[in-house]
Every structure is written in structure tokens, then in C-alpha cells.
Amino acid sequence: MRERLLTAALVLSCGLTFKAGAQAPAKANWLTDGADVQRSGWQRNETTLTPDNVRNLKIVWKLQLDNVPREMHALLTPLIVGEIATASGPKEIAIVAGSSDNIYAIDVAAGQILWKKHFEYPPARTSRRPGDTLCPGGQTATPVIGPPDTAGRRTIYALDGSGALRQLNVVDGREIGRPVPFTWRDGKSYALNLFNNVLYTTTAQGCAGNPNQVWAMDLNNVELVKTFNPGSGGLWGRTGAAISSDGTVYAPTGDGTYDPENQVYGNGLIGVRLEGDKLPLKDYFVPSNWAWLRKRDLDMNVTPAIFTYKGRELMVTSSKECRIWLLDPKSLGGADHQTPLYRTPLLCNEEVDFAAAGIWGSMATWEDARGRRWILTPIWGPSHSEFKAPVSHGPVTHGAIVALTLEEKNGALALAPAWISRDMDLAEPPVVANGVIYTYGNGEDATQATAEGGLNSSAPRRIPLSKKAVLYALDAQTGRELYSSGSQIASWNHFSGLSVANGRVYIGTFDGMLYCFGL
Amino acid sequence: MRITRACSSLLLAAAAAAALSGQQPAPEPSKANFERHCGTCHEPERGTSSRRTRDQWLQTVNQMVARGAQGTDDDLMAVVEYLTREHGRVNVNLASAADIALVLGLTPAEGAAIVEHRRQHGTFDDAAAVERVTGVDARKLASRRDAMVFGSRVASSTGLVPVAALTAANNWPGVSGGPQREGWAKPELMMSRNTVGAVQLLYSRKLDNRNRGTQALTPPLVLGNLISYRGFKEMLFLGGSADIVYSIDAELNRILWSTPLPVAVSTPAPQGNPACAGGLMGIVMTGSAAGGLGGGVTIRRPGALPAGVLPAAATATSQLVVGLASGFGRNGLVLAVGSDGRLYPLYQSNGALFGKPIPFLPPHSSVRSVNLYDYALHAATVDGCGGPNAVYALDLAADGNAAAKFETGDSAQGSAGTAIGNDGTVYVHAGGKVIALTPKNLKERDHFAIPGASGAGVTPVVFRHGGKELIVAGTGDGDLFVLDSGSLGGTDHRTPLARVRAGGPLRSAFASWEDPDTGTRWIYASLPNAIAAFTLEQRDGRPVLSPGWVSSEVVAPAAPVVANGLVFGLSTGNASRRATLYILDAATGKPLFTSGDAVTSAANPETGLAVANGRVYFSTIDNTVYSFGIPTEH
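These numbers come from a predicted model, not from an experiment.

Summing up its helical and strand segments, chain A has 3 helices and 41 strands in all. Its C-alpha radius of gyration of 21 Å places chain A within 12% of the 24 Å reference for a compact globule of 519 residues. Each principal axis of the C-alpha atoms in chain A carries an extent, and together these give about 60 × 55 × 50 Å. A total of 519 residues make up chain A; the buried ones form 61% of that total. Put simply, of all contacts in chain A between residues at least 6 apart along the chain, 61% involve residues at least 24 apart.

A few words now on the overall build of chain B. On a plain count of helices and strands, chain B comes out with 10 helices and 38 strands. The buried share among the 634 residues of chain B stands at 58%.

Now for the domain arrangement of chain B. In terms of domain boundaries, chain B breaks down into domain 1 (5-150) and domain 2 (169-261 + 279-292 + 316-629). Of note, the centres of domain 1 of chain B and domain 2 of chain B, computed from C-alpha atoms alone, are 35 Å apart.

Taken together, the contact between chain B and chain A spans 45 residues of the former and 43 residues of the latter. Of all elements in the fold, only helix H3 (54-66), helix H9 (163-166), strand E7 (221-228) and strand E8 (231-240) of chain B reach the threshold of two or more residues within the side of chain B that touches chain A.

Phi is positive for Arg39 of chain A, which is not a glycine, with a value near 60°. Within the secondary structure layout, Arg39 of chain A lies in the loop between helix H1 (2-18) and strand E1 (42-43). Accessibility expressed as a C-beta count within 10 Å gives 32 for Arg39 of chain A, which makes it buried. Of note, Ser176 of chain B is a non-glycine position whose phi angle comes to about 55°, a positive value. Ser176 of chain B gets classed as buried once you count the C-beta atoms within 10 Å, which come to 32.

Residues and elements named next belong to chain B. Taken together, 4 strands build an open sheet; the order of strands is E28-E29-E30-E31 and the sheet is antiparallel. Across the chains shown, the open sheet's two edge strands, defined by having one partner strand only, are strand E28 (507-514) and strand E31 (542-550). Sheet twist, expressed as the average angle between the axes of neighbouring strands with direction ignored, equals 25°. With 7 bridges connecting them, strand E30 (residues 530-539) and E31 associate as antiparallel partners. Following the sheet pairing, Phe534 is matched in E31 by Pro547.

Residues and elements named next belong to chain A. Residue position: Ala85 is located in strand E3 (residues 79-86). Classification of Ala85 as partly exposed rests on a count of 17 C-beta atoms within 10 Å. Apart from the residues within four sequence positions on either side, Ala85 is in contact with Pro90 and Gly152.

Through backbone hydrogen bonds, the strands of a sheet pair up, either in parallel or in antiparallel fashion. Spatially, 5 strands are ordered E28-E29-E31-E32-E30 (chain A) in an open sheet, and the strand pairing comes out mixed. Since the sheet does not close on itself, it has two edges, and those belong to strand E28 (364-367) and strand E30 (391-392) of chain A, each with one partner.

Here chain A averages 93 in pLDDT, while 95% of its residues score no lower than 70. Low pLDDT, under 50, characterises residues 1-25 of chain A; the stretch is placed with 20 contacts to residues that sit more than four places away or in other chains.

Packed helices, taken two at a time, are described by the angle their axes make and the gap between the axes. All names here are of chain B. Their axes nearest at 8 Å, the elements helix H5 (residues 97-104) and helix H6 (residues 108-121) cross at an angle of 125°. Looking at the two axes, H5 sits oblique to H6. The chirality of how H5 crosses H6 is right-handed. Where H5 abuts H6, its residues Ala97, Ala98, Ile100 and Ala101 lie against Pro108, Glu110, Gly111, Ala112, Ile114 and Val115. Of the residues that constitute the contact of H5 with H6, the class distribution is 8 nonpolar, 1 polar and 1 charged.

Turning our attention to the packing of helix H2 (residues 31-38) of chain B against helix H4 (residues 73-87) of chain B. Residues and elements named next belong to chain B. Relative to each other, H2 and H4 sit at 120°, their axes nearing to 9 Å. With respect to H4, the element H2 is oriented oblique. Judged by the sense of rotation from one axis to the other, the crossing of H2 with H4 is left-handed. Here Lys31, Asn33, Phe34, His37 and Cys38 of H2 come into contact with H4, specifically with Asp75, Leu76, Ala78, Val79, Tyr82 and Leu83. Residues belonging to the contact of H2 with H4 are distributed by class as follows: 7 nonpolar, 2 polar and 2 charged.

Rules and cut-offs
- Each chain has its residues counted from 1, following the order in which its sequence is written.
- All chains are assigned letters beginning at A, and all ligands numbers beginning at 1, according to the order in which they are written.
- Totals for whole chains, interfaces and linings use all residues, but because this is a predicted model, local features are given only for residues with pLDDT of at least 70 and pairs of side-chain atoms are given and counted only at 80 or more.
- Helical segments are the DSSP runs of H or I of at least four residues, strand segments are the runs of E of at least two, and each set is numbered from the N terminus.
- Our radius of gyration looks at C-alpha atoms and nothing else; its globule reference is 2.2 Å times the residue count to the power 0.38.
- Each residue is classified by how many other C-beta atoms fall within 10 Å of its C-beta atom, where C-beta atoms are placed from the backbone; a count of 20 or more means buried, 12 or fewer means exposed, and values in between mean partly exposed.
- Note that contacts rest on C-beta atoms placed from the backbone: two residues are in contact if these are within 7 Å.
- Domain borders in the structure are assigned automatically or taken from a domain database.
- Pairing between strands requires that DSSP locate at least two bridges from one strand to the other.
- Interaxial angles span 0 to 180 degrees and are taken between N-to-C directions of axes, which are lines fitted to C-alpha atoms, for helices over the stretch in contact.
- The predictor reports its confidence for every residue as pLDDT, a score running from 0 up to 100.
- An angle below 35 degrees is treated as roughly parallel, one above 145 as roughly antiparallel, one from 65 to 115 as roughly perpendicular, and anything else as oblique.
- Put simply, a crossing is left-handed when the front helix is turned counterclockwise from the back one by less than a right angle, and right-handed when it is turned clockwise.
- Gly counts as polar in this scheme, as do all residues outside two lists: the nonpolar Ala, Val, Leu, Ile, Met, Phe, Trp, Tyr, Cys and Pro, and the charged Asp, Glu, Lys and Arg.

Quick look at the structure:
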């Protein structure tokens, strides 16, 4: 909230300063993966794109970036920040991180690179296994853009492949201060989140010996890194951790053993909160069928989305199992830590597969003009044969977006299916803006085993089998397709995301191409 | 340390190479060893920021192995040992004295004192309680307080169970649980005397197999976890007499695949002998796939195959061996012997044929159970169906794939055919003798001539006890014999280490386990209408076999299985009685569970049970598979 107020204030002041500029003031930003610290995926300030005009989307520009993919990883979710005072006037800038330790700043009005920063650090003394999709090394965490300082300057916070925090001036990419050790080299970190001047990230896969844990760095005291290790499982929600209003940081704990008496919290969701120089566990939730999830590798892998409903903070999360849990951040799972406010039936993954099925990444949530709270989730693979939504748009065999609404009946909360979208090839976490849902089928080959050989998630096998991403715009009320990019996107992506701001939709692909769709 | 068969070969090769080169073969659990193996991929200290249990360190090291960490099993287990010692956590309410001493920096005597205190006074609540144990230097514990944990179990639908029980993914790879025919589901944790009250019929499934005479389905095999292209699957495999192999999702009761074998028989089946009805001869599986998910006891390797897809039409033996050498996450094989006597290697993942069928046995043979050990497939033919009764061995690692043969004259006795010792020796009970055959080429190495034998008997069982490998044989005359694998029957081939009368004719196969609480070795045998238990103890340096208990009526029991203090017995029934599952207290024979009338058909008397991961499986003559066990939430 404070961020939005600051942004609004800046936009107001910049508007006064630059109102004579050639472009309209940019009111909407996308400063962090998942739109906000709560990871709502809701762009609240979009006014240009509407359900009525979004059918006219087209590629406004596309820009070939020189990032070299690392395994299947390439461009991370673009960040958008407006009203940046540059020598050539105020600009709306896209900040795009590339897996090979690159940061690009792009003038979104012109579709041109303003500057590029490549992070240098001493070469590793150790070797990484080539072809390992799960541990690509390099930059894996989407950066975050901080609030403006008193002079209106904004800082990009990024995590390079050596695990060091890098701070760059948005205007010119100039590095502010020295790199500061945060995580460790070649670990797999997930999107940075910034709350009350504290940076958070999570790590997973145990890449390069890194522990899987929550990491926190107080920007007022960068020498002291605080961590919490749940003892089992990787914390690989796509947009990292979500943060509630009291500063509690929530992250899913992948797959692993649940053994609370021994302080092991795998296959669950943990909440930690900074207290002095410690980052202690405040609460946790573990599904009552955690052992089943563990045995079938149905990780808790979805960054939760936090929202307020009738003045009460609530949270939704999910897993590869493909159901949604509604949780109360004040008491995750109740006294036994296993009782959610509500859990949906299975939406997909009837096959009980661990790859290319279930819910991956993150979710989205928004409230419409009538005060109805919506929950959005991507699904991979066919919808469950017993899942029926009141509105559907054809058979779903590869993936879709499912929308649910929060209902109250006899004082109890529940999630009711509203619609399921058209089929799309591995639907990715949606973004909602001004009555329109944006999402895409990522087109990647998401298999991790072969019939003949067994487990095999190597990038050299999967990359040639990957296809093309397709961007979709859906009516937020009905799920009806309003727009499809068809075959316009030439490549696919893996573990990336969309951003939406000021009439433009951004997506990066494996081949290093950044697309900007607009009217 | 238990290591996989494939790893065993690697270790032997490594040890031989080390001996030749004069290198030191035994790695130390030292910091230097840890740094040498972990420091090539990352700064070694990175992984040691938090204490972990031995299981957790083993999981971590296995993750690193999957990522390409190099080293022999001994090297990597030494890393686990070092990490456990220096950065370990230990559950003082569960762990052994040795583990407690290792992690807490105590002497063996202090570790033993803690375990003895626990045994006498119950579990500890906190570190202070441990520090008060007589004989323990509390000052040593002060710096290791954070290494002690006290919880032991988590809530399940049946109450508190060990965490590892809920995520177990153990195998039952062959008849009677494996090559030695021990019939002991060693890793079973879920079913116990405490939880047996929750056992119930989980499901049944009728398969579309057609009977051949009294032959229907083979005993089920269990693969605890396969990381397949359709997900992580716990799988059942069964062979059908109509030359079909089935795979069922063991938890969800879904058919995963069924594969009709493309059998090619040029000669008609012999007529007139009901024992020679033909049909599929047996199945066995490679069993070293993903293993348990909650820990384990071994290094799990990603498999020998390079990334990518195997040749679609592999024919070379080496490729078959590669398929057998399945490691963590690696697809394995079901080896099925069709009615044409050929070996059909099938992918566990989808049942597709791996390479070409390999000639193994005469067509139309009748086989009790095939057995797989050290890349060699064994079978004992009976009833003279396809030719003279014999033991066959097919060396899957040798060129040419010609099966070795040892004619036994009479049929091999018992339901499990052969038992195989830890050195690969093949034991078979036939013609009034227990015969020891050399591995793979089947030359007679030794024999025990059973005194006064009528010829009928039981498949032998092999196990280690008192520092020796022992064989227990049983006869239709009601005698049990304990034999030393080093010299069956002594110089006169007629002198057993021990002998006892069973109280009735013995049949099928044994089960045997060592009770960890008492150290007693138990042997369970099938009588015509009961299960009998015997104990084997050392007295004055010699083994003594004694009667233990005899159960209440169990009609024509199949070979029993023992697991975690429970004996599983299947009354196979008869023309007028349906099959019934019994679960008995392993120490007393007291009935703890009966399936009542839940089973609707009789079972073949030569069938067998399978026990793994909280469930027991069997099949009946109407081609139905049953799963009883403790329900888990899906």
C-alpha cells in the first residue's frame, strides 16, 4: 500500500513536471514479479486495455536481446516502471533480466534498449553439470524495483549468478555500491520481493549445494543475511515468497518429508517473519494428504496469493496435485496445521503426474466492481473428469485457466468454480487487468521422464521438443477468449511470466525476444 | 550398508582395481573425503549450514549424485558418515546406540547407556533428561544439544506412525520377496501390532486373464516407485496364464498397462497331464528403481544410461544388462517367461518389449517361480511338462544368452523353485536332496541327502545367522533341517547343523526373520492346515531349532510372509472354501486380523503373498487381485 501511495505521489509530481511531454503519463507500474508483494497478479491501474478493445492487440514491437539461455532459462518476467526522468525526458522503462546475468532497460515507447548491464564476477572454482534444467546457474530470480527516493530515483535490486545482490540505477544502469553477498553461487533463487526495505528470496533444488530456504536481507544492514530452512524440500513458487500485511513471508516447501517434531516442514507452506536478526517460523500449513503428495512428487510449488476480503486477510495456494487451499494467515491450517478454511476438489491431474500436469507457478486474485472476489489459477494438462465449471470453452487437454469465486455460506468460506478457459498449451500464471485476464500457453516441453529411459529432464532433450508460446486475453467474468496471438510468437519460454502496464503486455521468450503487445 | 546388486559389482571392480594399483580402497569419513567429493561442484561448507539426520544427509548426497557427484558407494557413504558425525541430528528416542554416540560425540558405552535407559524408562522428553542418564558425561552433550531431537512419529489415519512409514516406497521384486526366499518384508513400517487393527480390504480387481488348468495369475510383485513418463507410480506386476503381463497402480487400483506376450510355439502343448496345462511360466522384476522416498540405506544412482532414448530394437545382451541396472529414476524391466519358454523383457514404465525375446526354457514347461540374481535368471521346471525336470540359468550378462541346465530328475519342491545364496549359489530341493549349484553354469557344488526323504518338500530359504549363511530345508515328511552353506550336510552330506520335527508335512516355501527386539531368528512354515513357527538359537556354539507355535486353522496355506512383527498367511481354500487372509502375531501366532468373507474365490495353493508399504497383495484363481492394508489419504 505504501508503495502505491508513493507511486501515486510520484506520478502526480511527474505529471506536473512532464505534462507537456509527448506521451501520456504512465500510471501503471509492474515493479515486482506477481504485481505486488502479495503476488496478486492484479494490475489495478490499467485503463487502456479493456474487454472491448483488447481484441485489437498486436505486436507493437519486438526486440531481440542478446541474452544467452542457460539450459531452458532465458528472460525473466519484465518489470515496468514509468515516469523515469532521463536526459531525454521522462520515460516508461521495461527492466528485463536475462539468465546469463544480464539486465536490459528498454524504452517501451520506442522499443529500444536504453542500457544493458552484464554482471561480472570471478569464475567458479567448481563445475556445474551441463544440461541440468533444474539448476541452470546464472540469474534466476526476477529483480525488483524499489520505491523512489526523495529525489525520485529508483533502484533495481537483482541477484546475480554468484549470489550477490546488485543494485542498479533505473535511469542508466549504473551500479550503486558494491555487490553484496546474499545467497550462494549457482543456487536457484526465485523472484525477489521487497517489503519494508527488506529483500526476500527463496531457493530450491539444492543447486550447487545451496540449502533450500527463505533468505532475507535488510537493506539497512546488508551485511546480515537472515534465513529460515524448513529442513526439506525446495521453495520454488515461481514468484518467490508472498508477504502479508504484517510482514509475514509465505513460501511453499516443494516436496519433502513433513516431520514437525524434528522441525522438518516439507510438502507444506511456511510463514516466517523477521524479528530482529532472526527469521523465525511463525506458522505452517501441511495438507492432510502430504504423504501422498510426497510419494507422487506433487510438490507444493505455487507462490500463494494474498488478498483482503471484507477486511480479513486471506490466502490461496496450490500444488501439482491440482487443488486450491484457502487459508487464514492468522492461523494457517488451524491447530493441527492441516485444516484449511476450504479446499477444492481436484481441478486437473487425474493421472497423478509430476510433470506437465497440475498447478505450477503462481495464482492471481482480484475483486470486481460488485465486490466479488475472484481466484485464478493456471492448470497444466487435462482438466479433471469430475471437475465441472458453470462456464467452459471446449475440452481442455493441455492446460487452461480456471476461475473461482469466493463464496460465503452460513458463515463458512468456499471457492466456487466460475469458468474454465479454452485449452492452451501449459497455461501460465495469469495476470488480471481492467476486466481482462492475460495468460499464455508457454509451449515448452515439460516432460521429465521418458517411457524408455525413465527420469530425464535434461535441457538438450527438452529444448528441441518445445514449441511456441501463445498469448491469450480472456474476459475476466466469463473466461471467453478475447484475443489470441496465434502463431505470432516464434519461440517458447520456461519459468518466466507476463507483465501488463499502460496498454501494453510484455512477454519474453527462450530465443531472447522480448515482445510488446498493445493497441 | 546395503548396496544394490549393480553397485556391488561396481564396488568389487573398484576394489579389485584398487588392489592392483596399490591404492587405499577404504575411504575415511573425513573432512578431506567430504571436501574431495563435494568441493568439485560447490564450496563444501555450503551444505552444512544446518544439522540433518543420517537419512536427510543420505537424501542430500543422493540429490547430489543425481546431479552428477562422483565417487564410489563407499566414498559417498563415507561422506554421509562424516556429515552425520559432524553436522548430524539424531533422534535419541529411536536411534541405535552407535548412531547416538556418533552424532553426540559420545563413547559407545555412553550411547549404550542412553539406549538402555530408554528401554527401561521410556522415551526422553528433552536434552536435560538425556544428560541425567547415568554413565553419560553431560558436559559432552552441552555442545550438541541442537543435535538431539525427540519426536518419532506423525499422525496418520491409524494414529502415530513413523514418518518413514508414510512415504515408504519399498519393493517386493520376486516370489517370497527375493532370491533368498526369506519371505521377509524387512522395510515394512506401516503395518505393525499397533496398527494392524486398521487393516481392511482396500480394493480388488478382476483381470481379463484366461486360466490354463489351475493356473491363473502369478503372485504379485511390487515396485515401490517408478519415476515414469506418467508420473511417480507404485506398481503391481502380475503375469497371467494366458501370456499376459499386467501392471496396476498399487495405490489407486488403476490398470497402467497390460501386455500380451507375442509367444511363438511351434509344438502343441502336451495333452492329458493336468499339471502341464502350459501358460505363462513366471515373472520377476529388476528392483533397484527409485527406492524409498523417506530416506533409505543406500546410494541411489541415476543409472548407467546416457540421457536420451534407448534403441527401439535392442538385441545385444549388454543392452539388456543396462536395462537391468536400473538406478534412481531409471526405468527397469519386468522379465516374463512366456508359454513358449522365451524370456520377454518388458519396460516397467509401459510394458513395451525391450529388445527381442530370448530363448530360455523348453516350451510348455511348468515352472514354480523364476528367480533373478546377479544378472542371471533362474527357473526350476517341474512335472516333466516340457522335458526332463531341470534347473535352468540364463546369464544375462554373457554373450549368446545360452541357458545352462542341470537336470534334477524329480521336480523341484516347493512353491518358490530355487533359492539363491549371497554368493550366487543356487539351492534346489529335488529328488530327496538339497542341491547346491554353482552360479550361472549350474555345476553341482554340494548336496545334502535328506535322511529318509520321500521326495516331497519345501523351497529352501537362505539367510545369515550367527556369522554364517544358513539354509533351512523342509520335507513332506515333516522334518526341518538347518544346513551350513559352506558344507551342506558335512562330509557325509547327511549331517545337518540342526533338525526338528514340524508336526506335519511341510509345503510351499518358508518365511524367516530376525526379531530386532530379541535377536531371535524365526522360521515360519506351511503345514497342510496351519502355519507353524520355529526358533533358531545358538546354544554352546551350535544352532538349535525349536518349535515355536502352531496357528489355528489355515487351510492349505500359501508361503507365509513376515513383516514388522506380523506373519501374513493366506488360506488358499479349496473347492468349497474361499481364500482367507490371516495376520498373526509373529511371536505368538495369535490371530490379529482375518479377511472373513471378503475374498470370494479360492487361490492356487502354489501362489504367494506380497507385502510392501502398508499393504498385502495376492491373487485368486478367478483372476482377481486383492489388496488389504492400511488406507492412506490420497
